[in-house]
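This is what each chain is made of:
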Amino acid sequence: MSKAVKRLGIHPMTLRQWALDGKIPFTWVGRERRFSSVDVENMKRGSDSTVSRPRLELLYARVSGSSGQESSLEAQEQELRATSTGTVVKVVKDRGSGLKENRPGLNRVIAMVADGSVSAVRVTHGDRLARFGVGWLKRLFAVYGVTVEVLHPKKLGGRDELLEDFVSLVTTFAGRLYGMRSADNRRRLLAESGQCSEEGRAR
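What comes next concerns the included structure. Starting afresh in each chain, residues are numbered from 1 along the sequence in its written order. Reporting in this predicted model follows two pLDDT cut-offs: at least 70 for local features of residues, and 80 or more for side-chain atom pairs to be given and counted; totals over whole chains, interfaces and linings ignore these cut-offs and use all residues. Just so you know, side-chain values use all the structure's heavy atoms and leave hydrogens and water out.

**Regarding the sheet that holds strand S4 (residues 87–95)**
Strand pairing in a sheet is mediated by backbone hydrogen bonds. Such pairs are either parallel or antiparallel.
Line of reasoning, step 1. The strand order across the open sheet built from four strands is S4-S3-S5-S6, with neighbouring strands paired in parallel fashion. Of all strands in the sheet, those bounded by a partner on one side alone are S4 and strand S6 (147–150). For this sheet, the mean inter-axis angle between neighbouring strands, taken without regard to orientation, is 25 degrees.
Line of reasoning, step 2. Whether two strands pair depends on DSSP finding at least two bridges between them. In this description a helix means any DSSP run of H or I spanning at least four residues, a strand means any run of E spanning at least two, and both kinds are numbered starting from the N terminus. Two strands pair when backbone bridges link them, and strand S3 (residues 56–63) and S4 are joined in this way by eight bridges, in the parallel orientation. In the sheet register, Arg62 faces S4, and the bridge partner there is Asp94.
Line of reasoning, step 3. Here, two residues are considered to be in contact whenever any of their heavy atoms come within 4.5 Å of each other. Between N-to-C directions, angles span 0 to 180 degrees; the directions come from axes that are lines fitted to C-alpha atoms, helices contributing only their stretch in contact. Contacting S3, S4 and strand S5 (120–123), helix H5 (residues 70–82) crosses the sheet at an angle of about 155 degrees to S3.

Next comes the structure, spelled out in structure tokens:
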């Protein structure tokens, strides 16, 4: 991989993503991916315009809670900055469930991808970008010549992946249900406090 990325002039994460997307063939030798020199040369000839494009990175960090967890957001940003090999043009931090599609931060990411402001969107883990549908986001971003790079890609498959998806769904909906109950309790307490105040004034 080190020789291939040097020849192509790209980040290792980009080459890894190309391999996962089937853009370049590879074979496993132990735990290492190996690329044919012929395939690398063909890729280089076919992607000269992409390689010569300045590497403009957008770093995306997300936590599920609406408050707190600043340390997690900071840790994600620091890890992404430490592995950056281009110019970081924007750091977008989001709060909200990964199942929620209409997130302010995610909307900013999509807008910057669409207007050509970035060439790579980087996250620490795929589920930071979205719990489900990351593949669709990758395809959408690829239309604009933008790659999605995951610092720690999942290596699950089959039953393990389905089990993790199920756990994610249960965890997310349990959190939302707890949040709804908390909101109901807050409204009830506010209503009761308002009623007590009115009774006090009446007395």
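**As for the pattern of salt bridges**
Line of reasoning, step 1. By definition, a salt bridge exists where a carboxyl oxygen of Asp or Glu is found within 4 Å of a side-chain nitrogen of Lys or Arg. Summed over all chains, the structure comprises 12 salt bridges.
Line of reasoning, step 2. Across the pair Arg122 and Glu149 runs a salt bridge whose closest N-O atoms are separated by 3.3 Å. Here the residue Arg122 occupies a position in strand S5, and Glu149 occupies one in strand S6, the gap between them amounting to 27 residues. The same class applies to Arg122 as to Glu149, namely buried.
Line of reasoning, step 3. The partner of Arg128 in a salt bridge is Asp127, with the nearest N and O atoms 3.3 Å apart.
Line of reasoning, step 4. For Arg128, a relative accessible area of 14% corresponds to the buried category.
Line of reasoning, step 5. Look at the salt bridges and you will find they share partners, linking Arg55, Glu57, Arg122 and Glu149 into a network. A 1.4 Å probe rolled over the protein chains alone gives each residue an accessible area, and that area as a share of the maximum for its type sets the label: buried under 20%, exposed over 50%, partly exposed in between.

**Comments concerning the nonpolar core**
Line of reasoning, step 1. Counting residues in hydrophobic clusters, the biggest one holds 18 residues, and the most contacted among them are Leu58, Tyr60, Val109, Val121 and Phe141.
Line of reasoning, step 2. Within the residue set of this core, elements represented by two or more residues are S3, helix H6 (104–114), S5, helix H8 (134–143) and S6.
Line of reasoning, step 3. When residues in this core are grouped by element, the largest group, four residues, is from H6.
Line of reasoning, step 4. Look past the residues within four positions of Val109 in its chain and what remains in contact with it is Leu58, Tyr60, Val92, Val121 and Phe141.
Line of reasoning, step 5. Core analysis: the next-biggest nonpolar cluster, separate from the first, contains 11 residues, Leu8, Ile10, Trp18 and Val40 among them. Here the nonpolar core consists of buried residues drawn from Ala, Val, Leu, Ile, Met, Phe, Trp, Tyr and Cys, with membership extended through side-chain atoms lying within 4.5 Å.

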